[in-house]
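# Overview (structure and organization)
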Amino acid sequence: MGQDESTWVEHDARLLMAAQTTAPYPAGILIDQGLADKFLQEQLHPEAFETACAQASQPLTLRYDHGYYFIASVIDRHLTHHASQLS
């Protein structure tokens, strides 16, 4: 996104959510985050996004797991969730 970090703000999900006064996605947001993601601790900070969602009363489901059996057990729910949001 370039060297000017001030322009990154418009792409920061946490800051975008923190600017909301009401839930922009009332049906909820679904995130499955892998614990082995190399960017988790240094860049992603899902707990900060979770806090911003709570402040905006934005429903959020945030789960930490990307194991094979976990993905196999939730993939249908992800597809259903995303399909309903797009329709």
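Residues numbered from 1 in each chain as written. Predicted model: local features only at pLDDT ≥ 70, side-chain atom pairs only at ≥ 80, totals over all residues. Heavy atoms only, no water.

## A closer look at the side chain of Q58
In this fold, Q58 is placed in the loop between α3 (46–55) and β2 (60–64). Given a relative accessible area of 4%, Q58 falls into the buried group. A polar contact of 2.5 Å, which involves the side chain of Q58, links it to the backbone oxygen of Y25. (Helix = DSSP H or I, 4+ residues; strand = E, 2+ residues; numbered from the N terminus. Buried < 20%, exposed > 50% of the residue type's maximum accessible area, 1.4 Å probe, protein only. Polar contact = N/O pair within 3.5 Å; in protein donor to acceptor, adjacent residues only side chain to side chain.)

## Considerations on α3
Within α3, burial applies to P46, F49, A52 and C53. Seen end-on, α3 carries its buried residues on one side only, within an arc spanning 115 degrees. Counted as exposed and oriented over 90 degrees from the buried face of α3: A54 and Q55. Once α3 ends, the next one or two residues include S57, with phi positive near 55 degrees. (Arc of directions from axis to C-beta.)

## With respect to a nonpolar patch on the surface
Together, I71, I75 and L79 line one region of the surface with nonpolar side chains, adding up to about 260 Å² of accessible area. Looking at the element boundaries, I75 is found in helix α4 (residues 68–86). (Patch = residues over 30% accessible without salt bridge, like charges linked within 9 Å, V, L, I, M, F, W, Y side chains within 5 Å. Areas by Shrake-Rupley, 256 points an atom, 1.4 Å probe, with all protein chains shown as cover. Salt bridge = Lys/Arg side-chain N within 4 Å of Asp/Glu carboxyl O.)

## Overview of the nonpolar core
In terms of nonpolar packing, the biggest core is built from 6 residues, these being M17, I29, F49, A52, C53 and A56. Leaving out residues up to four positions away in the same chain, A52 has contacts with R14, M17 and A18. (Core = buried A, V, L, I, M, F, W, Y, C linked by side-chain atoms within 4.5 Å. Contact = heavy atoms within 4.5 Å.)

## A closer look at the pairing of strand β1 (residues 29–33)
Of all 5 residues in β1, 4 are buried; the element is thus mostly enclosed. Two strands pair when backbone bridges link them, and β1 and β2 are joined in this way by 5 bridges, in the parallel orientation. When the bridges of β2 are listed, I31 appears paired with L62. (Pairing = 2+ DSSP bridges.)

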